[in-house]
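# Structural overview for review
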Amino acid sequence: MKLKKTLKTSAASLALASAFLAPSASLAQDVTLVSTDGTINVTGQFISFENETYVLRTALGDLRIAASSVICEGAACPTFETASADVTIVGSEAIGLGMMPLLMTGFAASLDADAEITNSAAGESIATLIDDGGFGDEIGSYLVSSTDDDNAFEALLEGDAAIGMSSRRITQDEARALRADGAGSMVSPTQERIIAVDSMVVVTHDSNPVDQLSSEQLAGIFSGQITNWSEVGGPDREINVISHEQNSASYDYFMSYLYGEDRPAFRPQAIAADDQAMSNVMFHDRNAIGYLGYAFQRGAKPVQLLNECGISTQPDAFSAKTEEYELSRRMYLYNRSDNLDDSAQAFLDYVMSNEADSVIGKSGFIDLGIVRRSQGEDDPRRAALIQETQRYDIGFEGEIMSDMLTEMSNYDRLSTTFRFRTGSSRLDERGRLDLQRLIAYLEDMPVGTEIAVVGFTDDVGPFEANRALAIERAGAVLDEIRDAAGDRLAGINMVTKGYGEVAPSACNVSERGRGINRRVEIWIASTTES
């Protein structure tokens, strides 16, 4: 089925100070570029639109503004023809601009084809797949419209898209509305696909000596209560706070992490229209602090996060894959069950394959491929556990910690980490996907390889009861692995272990933190070659 999508003149990627004053509009050819939150206006004479960039002549000279987060207003604004394609993909700007171009190229290569990608309008691109390495016939076309998460589900509901891109999970109301429209169960494995993980990284200028900030310090900075770097162990310089636009998914995600729904009325020093703009500001402003997606760090310096319990997490790929870094989020593709044709299904199958992992990684996002990490002397968790044993050097708890330290010496940890829905023994949607990846990974291991399925809990309840629950959860995951694998892992030796509330990955004071700690890890004998 050929779907059509009407294109909009929208968007921008230039960081502009919120106090920027534009010259008044007076000429017939003047246009105004308005940020999507309505807080920034740039007015000038329209010169041209090329390579998804507006060129305006203003009192400050000619300005070039990328078209991805502003709307052009005025009679001289360029207009775009309606584009059509075999498959229309709508939603998250982060996925659409940051990941889709390389995914389309990789998908074409998997078919021995070539992808010709053209920008049909601001935030819109069409990938035309040409068979025989680009020398054959057209075999499909894919229109990618990069807007926002909400638009993904609106377009699916209206039937304007075959695939929706989102950096958040679908809400219950959105899922119910789509089900009522005949779209099927939007949270079934055939309609909800986790394709990657993206970490929201707090960043500063590379020269800034501040390496670590607590959640309390961050909340003070982004509410305007902490205004000088010397207040958080840095130099005596004013802090320039750079934030995202208030209607963006990045802003909402970051502010929810710091403040929940009770957000401050603080006005930052500048607004970045997107992650690219944020990265550019961090590169040039030695006093700046901001937040952006993992893929856009470039020359900026990432800051470690220290939660209220004193647990520090590094914004690296392993911590994101295990979902133990507090500011990590899943990236999704969604589809209806009633309009998915062969072309859309083929693309989704590719995106979920191991072949796509390297492409996702190349685009700067964190793929779901399994990696392993030593739990030896240099492991930060091991060091923290050794310090913790000083609190429990006598008694049962201390014995459990010592036992874990001994076992860690014999095993590496895989990034595969299983979690359960609250109050349920069922794996969550990520767990179902990781189960198949784990089986494929272990299938290539030598006969006799040993893995340990290791359970942990939060700290609610008695210590020994939690330890018993951890062993029970580990056993449940082991059963799931064996049931799903059949005889594929006949040569793998599997054992279970449980350490209860020992070695928390997050703070147990919130439900989110407790949910992170209710986990089952996979360890593999450290003598086994990957």
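A few points on the structure. Within any chain, residue numbers begin from 1 and follow the written order of that chain's sequence. Predicted model: local features are reported for residues with pLDDT of at least 70 only, side-chain atom pairs are reported and counted for 80 or more only, and whole-chain, interface and lining totals are derived from all residues. Side-chain numbers here rest on the full set of heavy atoms in the structure, without hydrogens or water.

Our focus in this paragraph is the overall build of the protein chain. Tallying secondary structure elements over the protein chain gives 15 helices and 26 strands in all. The buried label applies to any residue whose accessible area, calculated with a 1.4 Å probe on protein chains only, is under 20% of its type's maximum; exposed applies above 50%, and partly exposed to all values in between. Looking at the protein chain as a whole, 55% of its 530 residues are labelled buried. Counting every atom, the protein chain has about 22,700 Å² of accessible surface; 47% of that belongs to carbon and sulfur. Numbered from the N terminus, helices here are DSSP runs of H or I no shorter than four residues, and strands are runs of E no shorter than two. Shrake-Rupley sampling with a 1.4 Å probe provides the accessible areas, and residues are treated as covered by the protein chains on show and by no other component.

Pairing of aromatic rings covers Phe, Tyr and Trp, the last through its six-membered ring, and needs centres within 6.5 Å; plane angles under 30 degrees mean stacked, over 60 mean edge-to-face, and all others mean tilted. In the structure shown here, the tally under the stated rule is 13 aromatic pairs. Between Phe222 and Phe254, the ring centres sit 4.9 Å apart and the planes meet at 70°, which makes this aromatic pair edge-to-face. Taken together, the positions of Phe222 in the loop between helix H5 (215-221) and strand E15 (240-244) and Phe254 in helix H6 (residues 249-259) put the pair 32 residues apart, joining distant regions of the chain. We note that Phe222, like Phe254, is buried. Within the aromatic cluster, the residues linked to one another by ring pairs are Phe107, Tyr142, Phe347 and Tyr350. A cation over a ring is seen here: Arg329 above Tyr253, with NZ or CZ 5.6 Å from the ring centre. As a reminder, the over-ring test applies to NZ of lysine and CZ of arginine, requiring each to be within 6 Å of the ring centre and within 35 degrees of the ring normal.

In this structure, Asp132 is a non-glycine residue whose phi angle is positive, near 55°. Along the chain, Asp132 turns up in the loop between strand E10 (124-130) and strand E11 (138-147). Phi is positive for Arg298, which is not a glycine, with a value near 45°. Mapped onto the elements, Arg298 comes out in the loop between strand E17 (288-293) and strand E18 (301-302). The exposure class assigned to Arg298 is exposed, which follows from its relative accessible area of 52%.

Our next topic: the side chain of Arg519. Mapped onto the elements, Arg519 comes out in strand E26 (residues 519-525). With sequence-adjacent residues up to four places away left out, Arg519 is seen in contact with Glu324, Arg381, Thr417, Phe418, Arg419, Val454, Gly455, Phe456, Val502, Ala503, Pro504 and Ser505. Pairs of residues are marked as contacts when any of their non-hydrogen atoms sit within 4.5 Å.

Attention now goes to the packing of helix H3 (residues 149-158) against helix H4 (residues 172-180). Structural elements are reduced to axes, namely lines fitted to C-alpha atoms, with helices fitted over the stretch in contact, and the angle between N-to-C directions of any two is expressed from 0 to 180 degrees. In contact at an axis separation of 10 Å, H3 and H4 are set at 15° when each is read in the N-to-C sense. By the angle class used here, H3 and H4 are roughly parallel. The two elements H3 and H4 meet at a crossing, and its hand is left-handed. In contact with Asp150, Phe153, Leu156 and Leu157 of H3, H4 contributes Glu174, Ala177 and Leu178. Following the grouping adopted for this structure description, the nonpolar residues are Ala, Val, Leu, Ile, Met, Phe, Trp, Tyr, Cys and Pro, the charged ones are Asp, Glu, Lys and Arg, and the polar ones are all others, Gly among them. Its residues assigned to classes, the contact of H3 with H4 shows five nonpolar, no polar and two charged. To sort the angles, those under 35 degrees are grouped as roughly parallel, those over 145 as roughly antiparallel, those from 65 to 115 as roughly perpendicular, and the leftovers as oblique. Left-handed describes a crossing whose near helix is turned anticlockwise from the far helix through less than a right angle; right-handed describes the clockwise counterpart.

The biggest cluster of nonpolar side chains holds 46 residues, and the ones touching the most others in it are Ile89, Met100, Leu103, Ile163, Leu333 and Phe347. Those residues within four positions of Ile89 in sequence are excluded, and the remaining contacts are Met100, Met104, Tyr142, Leu143, Val144, Ser145, Ile163, Met165 and Phe347. Nonpolar cores are built from buried Ala, Val, Leu, Ile, Met, Phe, Trp, Tyr and Cys residues. Side-chain atoms within 4.5 Å join them into one set.

A few words on helix H14 (residues 463-485). For H14, spanning 23 residues, the distance from its first C-alpha to its last is 33 Å, which sits close to the expected 33 Å at 1.5 Å a residue. If you check which residues of H14 are buried, you get Phe463, Asn466, Ala470, Arg473, Ala474, Val477, Leu478, Ile481 and Ala485. Tucked into the core, H14 has its buried residues touching helix H12 (396-408), strand E23 (411-419), helix H13 (429-443), strand E24 (450-455), strand E25 (493-498) and E26. Looking at the residues trailing H14, positive phi occurs at Gly486, about 60°. Expected helix span is computed as 1.5 Å times (number of residues minus one).

A carboxyl oxygen of Asp or Glu within 4 Å of a side-chain nitrogen of Lys or Arg is what we treat as a salt bridge. The tally for this structure, following the rule as stated, stands at 30 salt bridges. A salt bridge links Asp338 to Arg336, with the shortest nitrogen-to-oxygen separation between them at 2.8 Å. Judged by relative accessible area, Asp338 falls into the partly exposed class, the value being 44%. Here Lys497 makes a salt bridge to Glu407, at a shortest N to O gap of 3.3 Å.

Tracing the backbone shows Gly133 in the loop between E10 and E11. Residue classification places Gly133 among the partly exposed residues on the basis of a relative accessible area of 36%. In sequence terms Gly133 and Ala115 are 18 residues apart; their C-alpha atoms lie 8.7 Å from each other. If we skip the residues at most four places from it in the chain, Gly133 touches Asp112, Ala113 and Asp114.

Successive residues of a regular strand alternate their side chains across the two faces of the sheet. Going residue by residue along strand E12 (residues 163-166), you find Ile163 and Met165 tucked away on one face and Gly164 and Ser166 tucked away on the opposite face as well. Direction of pairing for strand E8 (residues 87-92) relative to E12: parallel, over a ladder of three bridges. Bridging from a neighbouring strand, Val90 pairs with Gly164 of E12. Relative to strand E21 (residues 328-335), E12 runs antiparallel, the two sharing four bridges. Residue pairing in the sheet places Gly164 in a bridge with Tyr334 of E21. Strand pairing follows a simple DSSP-based rule, namely that at least 2 bridges must link the two strands.

Taking strand neighbours across the sheet as the criterion, the five strands line up as E22-E23-E26-E24-E25 in an open arrangement whose pairing is mixed. A strand with exactly one partner marks an edge of an open sheet, and here the two such strands are strand E22 (372-374) and E25. Within the sheet, the average angular offset between the axes of one strand and its neighbour, ignoring direction, is 30°. With respect to the sheet, H12 is in contact with E23, E25 and E26, its orientation differing from that of E26 by roughly 45°.

With that settled, the discussion passes to the environment of Leu348. Mapped onto the secondary structure, Leu348 falls in helix H9 (residues 342-351). Its relative accessible area of 0% is what places Leu348 among the buried residues. Here the alpha-carbon distance between Leu348 and Gln191, two residues 157 residues apart in the chain, equals 9.9 Å. Ignoring sequence-local partners within four residues, the contact set of Leu348 consists of Ile163, Arg193, Leu333, Asn335 and Leu340.

Attention now moves to the side chain of Arg329. Relative to the elements of secondary structure, Arg329 occurs in strand E21. With a relative accessible area of 6%, Arg329 lands in the buried category. Once residues within four sequence positions are removed from consideration, Arg329 is found in contact with Ser167, Ala196, Val197, Asp198, Met200, Ala249, Ser250 and Tyr253.

Glancing now at H3. Within H3, the full set of buried residues consists of Asp149, Asn151, Ala152, Phe153, Ala155 and Leu156. Identification of polar contacts relies on pairs of N or O atoms within 3.5 Å, with a donor-acceptor requirement for protein atoms, meaning one able to donate a hydrogen and the other able to accept it, and with residues adjacent in sequence counted only if both atoms are side-chain atoms. Sitting at the amino-terminal end of H3 is Asp148, which places a side-chain oxygen 3.2 Å from the backbone nitrogen of Asp150. Gly159 lies just past H3 and shows a positive phi near 75°.

Treat this as a map of the structure, not an account of what it does.
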